[in-house]
Amino acid sequence: MTDFGPVDPGHHADVEWLHRWRLRPEGDPQTTASSTLMPVRTDDGQPAMLKIAHVDEEERGAELLELLDGRGVARVLRREGRALLLERATGRRDLVRMVLDGDDDDATRVICDAAALVHRDPAELPTLTGAGEPLLVPLETWFRELFAHADDLDPLHRQGADFADRLLSSQRDERVLHGDLHHGNVLDFGDRGWLVIDPKGLVGETAFDYCNLLCNPSHARALMPGRLARQFAVVVGVTALPPTRLREWLVAWCALSSTWFAIADDPVHAESVTRIGVTAADLVL
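Analysis parameters
Residues numbered from 1 in each chain as written. Predicted model: local features only at pLDDT ≥ 70, side-chain atom pairs only at ≥ 80, totals over all residues. Heavy atoms only, no water. 1 Å grid on protein atoms, 1.4 Å probe; cavity = no way out; pocket = protein on both sides within 12 Å on 5 of 7 lines; lining within 4 Å. Points joined across faces, edges and corners; volume = space filled by probe spheres on them. Helix = DSSP H or I, 4+ residues; strand = E, 2+ residues; numbered from the N terminus. Buried < 20%, exposed > 50% of the residue type's maximum accessible area, 1.4 Å probe, protein only. Pairing = 2+ DSSP bridges. Polar contact = N/O pair within 3.5 Å; in protein donor to acceptor, adjacent residues only side chain to side chain. Contact = heavy atoms within 4.5 Å. Disulfide = S-S within 2.5 Å. Phe/Tyr/Trp six-rings, centres within 6.5 Å; stacked < 30°, edge-to-face > 60°. Lys NZ or Arg CZ within 6 Å of the ring centre and 35° of its normal.

A.B. asks: Hey, could you run me through empty space enclosed by the protein in this one?
C.D. replies: Where empty space is left can be seen by rolling a probe of water-molecule size over the atoms. Following the criterion strictly, the structure yields 2 cavities of 30 Å³ or more and no others. In this structure, the largest cavity spans a volume of roughly 90 Å³. Taken together, Lys51, Ala53, Glu58, Glu59, Gly61, Ala62, Leu65, Arg82, Leu84, Leu86, Asp198 and Pro199 make up the lining of the largest cavity. Mapped by element, the contributors of at least two residues to the lining of the largest cavity are strand S4 (47-53), helix H2 (56-68) and strand S6 (83-87).

Structural data, given as structure tokens:
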């Protein structure tokens with residue numbers, strides 16, 4: 001019989017899935033408002049991650065991972081309801097560490113290459129067009145808070161909203177988007193290479209998906225003198241995206257991100273990402 005090991009009795013949902021799927025915990029569960037995550041090992045010895053979604057957004061991301069079937073993403077081993085079992089990243093490389101060690105350019109290239117594998121034509125995933133609530137969220141919906149608050153905050157928010165309105169009405173190369181690409185969501189899976197986790201499940205112009213990585217792995221890093229311009233150039237070099245259009249998407253993204261921080265009563269991060277947006281608007285192309 002599988003030895004499930006000690007488990008915090010407060011995590012009843014975790015225990016249920018551990019027994020149902022015959023999993024052995026290999027670390028403490030980490031719980032956030034959106035999900036609970038626990039490293040486990042399957043009964044045949046495979047390292048995996050058990051994830052229990054607490055919000056619909058996480059369930060949508062899990063369904064998208066399953067549909068992408070391991071192409072550029074962590075492979076889904078099992079999924080049922082709000083429970084998801086994923087292959088676990090066991091490689092030793094880490095993108096945040098790469099940045100801190102001076103390999104910022106290479107880290108950006110890794111994320112860009114990983115994103116390209118996710119950016120599939122929605123028509124390749126036929127279940128996305130079925131009945132019921134759409135799996136992928138249009139960018140028009142994603143930007144709704146910015147449009148609602150554009151005149152209540154810093155002038156950058158109005159500029160970002162104007163850019164977003166124009167860009168959204170003329171989208172190009174619309175694809176499946178990850179929606180939250182950054183250095184912590186692209187992991188080393190050893191022989192399988194760099195793969196993404198935790199997609200938001202959006203659909204829209206691919207240029208949008210490269211903006212968040214330019215604000216990471218931290219706002220402080222993004223605001224270092226010359227850093228944004230250099231990494232912006234790296235993204236353009238890898239993706240061949242039109243620089244002017246990418247810059248406008250970046251300003252729009254910073255305005256949206258700042259709006260979310262403001263709504264969450266986090267003025268420090270709202271201000272810092274606004275500063276990134278102002279820097280982006282002043283980029284010389």
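So much for the structure itself; the text now carries on.
A.B. asks: For this particular structure, what's the right way to read the pairing of strand S3 (residues 35-41)?
C.D. replies: Consecutive side chains of a regular strand alternate in pointing toward one face of the sheet and then the other. Where burial is concerned, most of S3 is hidden: 5 out of the 7 residues are buried. Pairing of strand S1 (residues 24-25) with S3 involves 2 bridges; the strand directions are antiparallel. Residue pairing across strands places Arg24 opposite Arg41, the latter belonging to S3. Direction of pairing for strand S2 (residues 30-31) relative to S3: antiparallel, over a ladder of 2 bridges.

A.B. asks: Help me understand the side chain of Lys200, please; the structure alone is not making it clear to me.
C.D. replies: Mapped onto the fold, Lys200 is located in the loop between strand S10 (194-196) and strand S11 (202-205). Residue Lys200 is classed as buried on the basis of its relative accessible area, which comes to 18%. A distance of 2.7 Å separates the side chain of Lys200 from the side chain of Glu57, its partner in a polar contact. The residues contacting Lys200, other than those within four sequence positions of it, are Glu57, Arg60, Trp142, His178, Gly179 and Asp180.

A.B. asks: Is there a simple way to explain the state of the cysteines in this structure?
C.D. replies: Here a disulfide denotes one covalent bond, and it connects the sulfur atoms of two cysteines. Across all of its chains, the model carries 0 disulfides by this definition. In this structure Cys215 is not part of a disulfide, and its nearest cysteine sulfur, from Cys254, lies 3.8 Å away.

A.B. asks: Looking at this structure, how should I read the sheet that holds strand S8 (residues 174-177)?
C.D. replies: What holds strands together in a sheet is hydrogen bonding between their backbones, with the strands either parallel or antiparallel. Read across the sheet, 3 strands follow the order S7-S11-S8 without closing on themselves; strand pairing throughout is mixed. Among the strands making up the open sheet, the edge pair consists of strand S7 (137-138) and S8. With 2 bridges joining them, S7 and S11 adopt parallel strand pairing. Looking across to S11, one finds that Pro138 is bridged to Val203.

A.B. asks: What should I look at first to understand the packing of aromatic side chains in this one?
C.D. replies: Any two aromatic rings considered together are summarised by their centre-to-centre distance and by the angle between their planes. Considering all chains together, one arrives at 8 aromatic pairs under this definition. For the ring pair Phe143 and Trp249, a centre distance of 6.2 Å and an interplane angle of 50 degrees mean the geometry is tilted. Note that Phe143 is positioned in the loop between helix H5 (139-142) and helix H6 (144-149) and Trp249 in helix H11 (residues 243-263), a separation of 106 residues in sequence. Its guanidinium or amino end placed over the ring of Trp17, Arg20 lies 4.3 Å from that ring's centre, counting from NZ or CZ.

A.B. asks: Help me understand the environment of Leu256 in this model?
C.D. replies: Mapping Leu256 onto the fold places it in helix H11. Here Leu256 falls in the buried class, since its relative accessible area comes to 0%. In contact with Leu256, not counting residues within four places along its chain, are Trp142, Phe143 and Leu146.

A.B. asks: Please explain unusual backbone geometry as it appears in this structure.
C.D. replies: Trans is the prevailing form of peptide bonds, just as negative phi is the prevailing case for residues other than glycine. Cis rather than trans, the peptide bond between Asn216 and Pro217 has omega equal to 10 degrees. With respect to the secondary-structure elements, Pro217 resides in the loop between helix H8 (211-214) and helix H9 (219-222). In this structure, Asp69 is a non-glycine residue whose phi angle is positive, near 55 degrees. Tracing the backbone shows Asp69 in the loop between H2 and strand S5 (76-80). Taking relative accessible area as the criterion, Asp69 reaches 62% and is therefore assigned exposed.

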